[in-house]
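Chain by chain, the residues run as shown.
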Amino acid sequence: AAPEVSLLALRQCLPLAARCPDLLRSFLPAFWIRSDDSHPTQEVKLELIEMLADERNSTAVMREFQVYFRWHRRQDFIHSCMKRMSNIALKIPALVDPCLR
């Protein structure tokens, strides 16, 4: 699909993820960020990842963020990742220590 259509579809997932995150949790890997995703798409995916993170998938989410920190060089993206990761750690206290490492 065209990037604009993909972005629109992702944005339509935000209210659903906010109201019924369990419906989308099994699809979490579909929201992992790819290197060819546009900046707006990356931001929406980060928001979805944050909304869908829970105790069961937190290890996979943290591994994914580590990948982003390794391959991404854009400072605004890294800042967004750090913000989202911090918010997830506030939701899941067991992640505070791993996030600080």
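Residues numbered from 1 in each chain as written. Predicted model: local features only at pLDDT ≥ 70, side-chain atom pairs only at ≥ 80, totals over all residues. Heavy atoms only, no water.

**As for the pattern of salt bridges**
Thinking step 1. In this structure the tally under the stated criterion is 8 salt bridges.
Thinking step 2. The partner of R34 in a salt bridge is D36, with the nearest N and O atoms 3.1 Å apart.
Thinking step 3. The closest approach of N and O atoms between D37 and K45, which form a salt bridge, is 2.8 Å.
Thinking step 4. Exposure remark for D37: the relative accessible area of 12% places this residue in the buried category.
Thinking step 5. Residue class for K45 comes out buried when judged on its relative accessible area of 6%. (Salt bridge = Lys/Arg side-chain N within 4 Å of Asp/Glu carboxyl O. Buried < 20%, exposed > 50% of the residue type's maximum accessible area, 1.4 Å probe, protein only.)

**Considerations on the packing of helix α1 (residues 3–19) against helix α3 (residues 39–52)**
Thinking step 1. Put simply, α1 and α3 touch, their axes get as near as 10 Å, and they point 20 degrees apart. Comparing the axis directions of α1 and α3 gives the class roughly parallel. Helix-helix and strand crossings are classified by hand; for α1 and α3 the assignment is left-handed. Mapping the contact onto sequence places L7, L10, R11, C13, L14, A17 and A18 in α1 and P40, T41, V44, K45, E47, L48, M51 and L52 in α3.
Thinking step 2. Looking at the contact of α1 with α3 residue by residue, the class counts come to 11 nonpolar, 1 polar and 3 charged. (Axes fitted to C-alpha atoms, helices over the stretch in contact; angles between N-to-C directions. Helix = DSSP H or I, 4+ residues; strand = E, 2+ residues; numbered from the N terminus. Parallel < 35°, antiparallel > 145°, perpendicular 65-115°, else oblique. Left-handed = near helix turned anticlockwise from the far one by under 90°. Contact = heavy atoms within 4.5 Å. Nonpolar A, V, L, I, M, F, W, Y, C, P; charged D, E, K, R; others polar.)

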